[in-house]
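If you want the building blocks of each chain, they are given just below.
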Amino acid sequence: MVNTIIFAASLLTALGVITATAIKVYKFIRRCEEWIERTENHDTEQYKDILRIKIMMPEMPLSERIKAGDIYVNKLNGNGGVKQKYLELLQRFSEEHKE
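Not measured: the values here are computed from a predicted model.

Colleague: Help me understand the nonpolar core in this model?
Modeller: One recurring pattern in soluble globular proteins is that nonpolar side chains are buried together. Grouped together as the largest cluster of nonpolar side chains are ten residues: Leu-51, Ile-55, Leu-62, Ile-66, Ala-68, Tyr-72, Val-73, Val-82, Tyr-86 and Leu-89. Per-element accounting of this core gives the leading share, five residues, to helix 2 (residues 62-75). Look past the residues within four positions of Ile-66 in its chain and what remains in contact with it is Tyr-86, Leu-89, Leu-90 and Phe-93.

Quick look at the structure:
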């Protein structure tokens, strides 16, 4: 009888340790996933900011501004005033290269 009680107690202890370890591993992995998501969101926002600067900066060559606009509008779904500037740049480019 004593051996049965000791066996049951050791089995419950082992299950408790396994469960606690699994929970800790899950929480660690979830924190890593959240950190990666936050980092990717920040990277995307910074990339959009860089593209906005390229599009709006008159010192940049027109082709570079249009290339940045293509990425900003078509791939990153940018909108608003920057998109309007991009459309103006496209129109200006087509007028300069009508030949």
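Colleague: Please clarify how the side chain of Arg-65 should be interpreted in this entry.
Modeller: Here Arg-65 lies in helix 2. Salt bridges are absent for the buried Arg-65, whose nearest opposite-charge side chain, Glu-88, sits at 7.5 Å. Each residue touching Arg-65, except ones within four places of it in the same chain, is listed here: Lys-54, Ile-55, Met-56, Met-57, Pro-58, Met-60, Lys-85, Leu-89 and Arg-92.

Colleague: Help me out: how do you make sense of the side chain of Lys-48 in this one?
Modeller: With respect to the helices and strands, Lys-48 occurs in helix 1 (residues 2-56). Buried within the structure, Lys-48 lacks any salt-bridge partner; its nearest side chain of opposite charge belongs to Glu-45, at an N-O separation of 4.6 Å. The contact partners of Lys-48, leaving out residues within four places of it in the chain, are Tyr-72 and Leu-76.

Colleague: I tried to follow the packing of helix 1 against helix 2 on my own but got confused; where do I start?
Modeller: Packed helix pairs are characterised by how far apart their axes lie and by the angle those axes make with each other. Packing of helix 1 against helix 2 leaves a shortest axis separation of 8 Å and a crossing angle of 140 degrees. Relative to helix 2, helix 1 is oriented so that their crossing is left-handed. In contact with Tyr-47, Lys-48, Leu-51, Arg-52, Lys-54, Ile-55 and Met-56 of helix 1, helix 2 contributes Arg-65, Ala-68, Gly-69, Ile-71 and Tyr-72. Residues of the contact of helix 1 with helix 2, tallied by class, amount to seven nonpolar, one polar and four charged.

Colleague: Please clarify how the packing of helix 1 against helix 3 (residues 81-96) should be interpreted in this entry.
Modeller: Helix 3 packs onto helix 1 with a crossing angle of 40 degrees between their chain directions and a minimal axis gap of 10 Å. Judged by the inter-axis angle, helix 1 sits oblique to helix 3. Both helix 1 and helix 3 take part in a crossing whose hand is left-handed. Here Arg-52, Ile-55 and Met-56 of helix 1 lie close against helix 3, whose contacting residues are Val-82, Lys-85, Tyr-86 and Leu-89.

How each quantity is defined
Residues numbered from 1 in each chain as written. Predicted model: local features only at pLDDT ≥ 70, side-chain atom pairs only at ≥ 80, totals over all residues. Heavy atoms only, no water. Core = buried A, V, L, I, M, F, W, Y, C linked by side-chain atoms within 4.5 Å. Buried < 20%, exposed > 50% of the residue type's maximum accessible area, 1.4 Å probe, protein only. Helix = DSSP H or I, 4+ residues; strand = E, 2+ residues; numbered from the N terminus. Contact = heavy atoms within 4.5 Å. Lys, Arg positive; Asp, Glu negative; His and termini not counted. Salt bridge = Lys/Arg side-chain N within 4 Å of Asp/Glu carboxyl O. Axes fitted to C-alpha atoms, helices over the stretch in contact; angles between N-to-C directions. Left-handed = near helix turned anticlockwise from the far one by under 90°. Nonpolar A, V, L, I, M, F, W, Y, C, P; charged D, E, K, R; others polar. Parallel < 35°, antiparallel > 145°, perpendicular 65-115°, else oblique.

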